[in-house]
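One-letter residues, chain by chain:
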Amino acid sequence: MMKKALLMSLMLTLTLGYASAQKKAQIKFDKMTYDFGTFSESTPVQKCTFTFTNVGDEPLIINQAMASCGCTVPKYTKKPVAPGQKGTLNVTYNGKGRFPGRFKKSITVRTNGKPEMVRLYIQGTMEEAK
């Protein structure tokens, strides 16, 4: 009888542990790619905002946002984002000193939620100044 009670309490503990491990923050972006379209080399600095929602049930924390290139700078909401709330990731692209033409850059976002890593993209075409 004692063994059965011990086994039942162990099973219950494992089940509850598993259920609570399922609760996580979850990031969902409004879009994964932002297209600046075509702009002139005379206005090389372009900005955009990616909006995200924590669709999970724990506070969401962005640990890091890294761009694939020094010409792209991401800035993001540093404080934890509560379940159901929104946050932003602002991206500044600076084409100064770059060759005109089409570009595509990535921003890797790491969070405490699922997925742990999300990749966003910015793209556009910088035309030579006339």
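Parameters at a glance
- Residues numbered from 1 in each chain as written.
- Predicted model: local features only at pLDDT ≥ 70, side-chain atom pairs only at ≥ 80, totals over all residues.
- Heavy atoms only, no water.
- Pairing = 2+ DSSP bridges.
- Helix = DSSP H or I, 4+ residues; strand = E, 2+ residues; numbered from the N terminus.
- Axes fitted to C-alpha atoms, helices over the stretch in contact; angles between N-to-C directions.
- Phe/Tyr/Trp six-rings, centres within 6.5 Å; stacked < 30°, edge-to-face > 60°.
- Lys NZ or Arg CZ within 6 Å of the ring centre and 35° of its normal.
- Contact = heavy atoms within 4.5 Å.

Peer 1: So, the sheet that holds strand E4 (residues 62-67): which residues are in play, and what are the values?
Peer 2: Taken in spatial order, the 4 strands of this open sheet run E2-E8-E7-E4, and their pairing is mixed. Single-partner strands in this sheet number two, and they are strand E2 (33-40) and E4. In this sheet, adjacent strand axes meet at a mean angle of 20° when their direction is disregarded. With 10 bridges connecting them, strand E7 (residues 101-111) and strand E8 (residues 117-127) associate as antiparallel partners. Directly across from Phe103, in E8, lies its bridge partner Gly124.

Peer 1: Would you mind going over the packing of aromatic side chains in detail, with residue names and values included?
Peer 2: By the definition in use, this model includes 8 aromatic pairs. One aromatic cluster is present, formed by Tyr34, Phe36, Phe39, Tyr93 and Phe103 through successive ring pairs. The aromatic ring of Tyr76 is capped on one face by Lys78, whose charged end is 3.9 Å from the ring centroid.

Peer 1: Any details on the side chain of Lys105? Residues and values, ideally.
Peer 2: The topology assignment puts Lys105 in strand E7. Leave out the neighbours within four places in its chain, and Lys105 touches Ser68, Cys69, Cys71, Thr72, Tyr93, Leu120, Tyr121 and Ile122.

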